[in-house]
Amino acid sequence: MKCPYCSSENTRVIDSRPADDNNSIRRRRLCDECGKRFTTYEKVETIPLIIVKKDNNREQYDRSKIEAGVLRACHKLPISVSQMNQLIDDVETEVFNREEKEIPSIVIGELIMDKLKDLNAVAYVRFASVYREFKDVETFMNELKKMLV
């Protein structure tokens, strides 16, 4: 591992432990040249996942798109960043546990809505209104009625 301060390749691990998310390893390192310490995180490399969009276009999985959608749905609601990150991590874990190379975007959208429904009803309705492309008040009301049952 190259030192970010002096670019020396003589570094060593002085401490190693699971990161807070339990999905990566946090390592404290010491540079033998300049003596500075720095932290690195190691994450398991996964197979590239391809998302099949509604129009059959394909694109590489991008966590930031899920983050943006969840953030918009939870805007100005009493939902912490850690709750949002946990939701996104849960969705991501379920998606990658399927061990498929291609997955339809509709599957990811439904997973997100299921998690949001349990987290906050308003966030769920916000996400569903964009995701399901409600065209009129009637479809919106039908979704709300499903929630009340």
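Note that the structure is a prediction, hence the values are computed from the model and not measured.

Calculation criteria
- Residues numbered from 1 in each chain as written.
- Predicted model: local features only at pLDDT ≥ 70, side-chain atom pairs only at ≥ 80, totals over all residues.
- Heavy atoms only, no water.
- Phe/Tyr/Trp six-rings, centres within 6.5 Å; stacked < 30°, edge-to-face > 60°.
- Lys NZ or Arg CZ within 6 Å of the ring centre and 35° of its normal.
- Axes fitted to C-alpha atoms, helices over the stretch in contact; angles between N-to-C directions.
- Helix = DSSP H or I, 4+ residues; strand = E, 2+ residues; numbered from the N terminus.
- Left-handed = near helix turned anticlockwise from the far one by under 90°.
- Contact = heavy atoms within 4.5 Å.
- Nonpolar A, V, L, I, M, F, W, Y, C, P; charged D, E, K, R; others polar.
- Pairing = 2+ DSSP bridges.
- Core = buried A, V, L, I, M, F, W, Y, C linked by side-chain atoms within 4.5 Å.
- Buried < 20%, exposed > 50% of the residue type's maximum accessible area, 1.4 Å probe, protein only.

### Some remarks on the packing of aromatic side chains
Working definition: an aromatic ring pair is given by the centre-to-centre distance plus the angle between the planes.
Right, on to step 1. Summed over all chains, the structure comprises 2 aromatic pairs.
Right, on to step 2. Across from the ring centre of Tyr-5, 4.9 Å away, lies the NZ or CZ of Lys-36, which sits over that ring.
Right, on to step 3. When the ring centre of Tyr-131 is taken as reference, the NZ or CZ atom of Lys-54 above it lies at 4.7 Å.

### Concerning the packing of helix 2 (residues 81–97) against helix 3 (residues 105–119)
Right, on to step 1. In the contact formed by helix 2 and helix 3, the axes pass within 10 Å of each other and the chain directions differ by 145 degrees. In the packing of helix 2 onto helix 3, the handedness of the crossing is right-handed. Every residue of helix 3 that contacts helix 2 at Gln-83, Leu-87, Asp-90, Val-91, Glu-94 and Val-95 is listed here: Ile-108, Leu-111, Ile-112, Lys-115, Leu-116 and Leu-119.
Right, on to step 2. Its residues assigned to classes, the contact of helix 2 with helix 3 comprises 8 nonpolar, 1 polar and 3 charged.

### Some points on the pairing of strand 2 (residues 24–31)
Right, on to step 1. In the sheet, strand 1 (residues 11–18) pairs with strand 2 via 7 bridges, with the strands oriented antiparallel. Counted as the bridge partner of Ser-16 is Arg-27 from strand 2.
Right, on to step 2. Two successive antiparallel strands, strand 1 and strand 2, enclose a turn made up of 5 residues, where Asn-22 displays a positive phi of approximately 60 degrees.
Right, on to step 3. Strand direction decides the pairing type here: strand 2 and strand 3 (residues 37–43), joined by 7 bridges, are antiparallel. When the bridges of strand 3 are listed, Ile-25 appears paired with Glu-42.
Right, on to step 4. Linkage of strand 2 to strand 3, two consecutive antiparallel strands, is achieved through a turn of 5 residues, within which Gly-35 is found at a positive phi near 80 degrees.

### What to know about the sheet that holds strand 6 (residues 102–104)
Right, on to step 1. One open sheet holds the 3 strands; their spatial order is 5-4-6, and the pairing between them is mixed. Both edges of this open sheet fall to strand 5 (58–60) and strand 6, since each of them pairs with a single strand only. Taking the axes of each pair of neighbouring strands and ignoring which way they run, one obtains an average angle of 35 degrees across the sheet.
Right, on to step 2. Where strand 4 (residues 50–52) and strand 5 come together, 3 bridges link them in antiparallel fashion.

### Points about the nonpolar core
Right, on to step 1. Core analysis: the largest hydrophobic core is formed by 27 residues, its most contacted members being Ile-66, Val-70, Val-91, Ile-108, Ile-112 and Leu-116.
Right, on to step 2. Looking at this core, the elements that each hand over two or more residues are helix 1 (63–74), helix 2, helix 3 and helix 4 (121–131).
Right, on to step 3. Among the elements that make up this core, the one with the highest residue count is helix 4 (6 residues).
Right, on to step 4. Apart from the residues within four sequence positions on either side, Ile-112 is in contact with Ile-66, Val-70, Val-91 and Phe-127.

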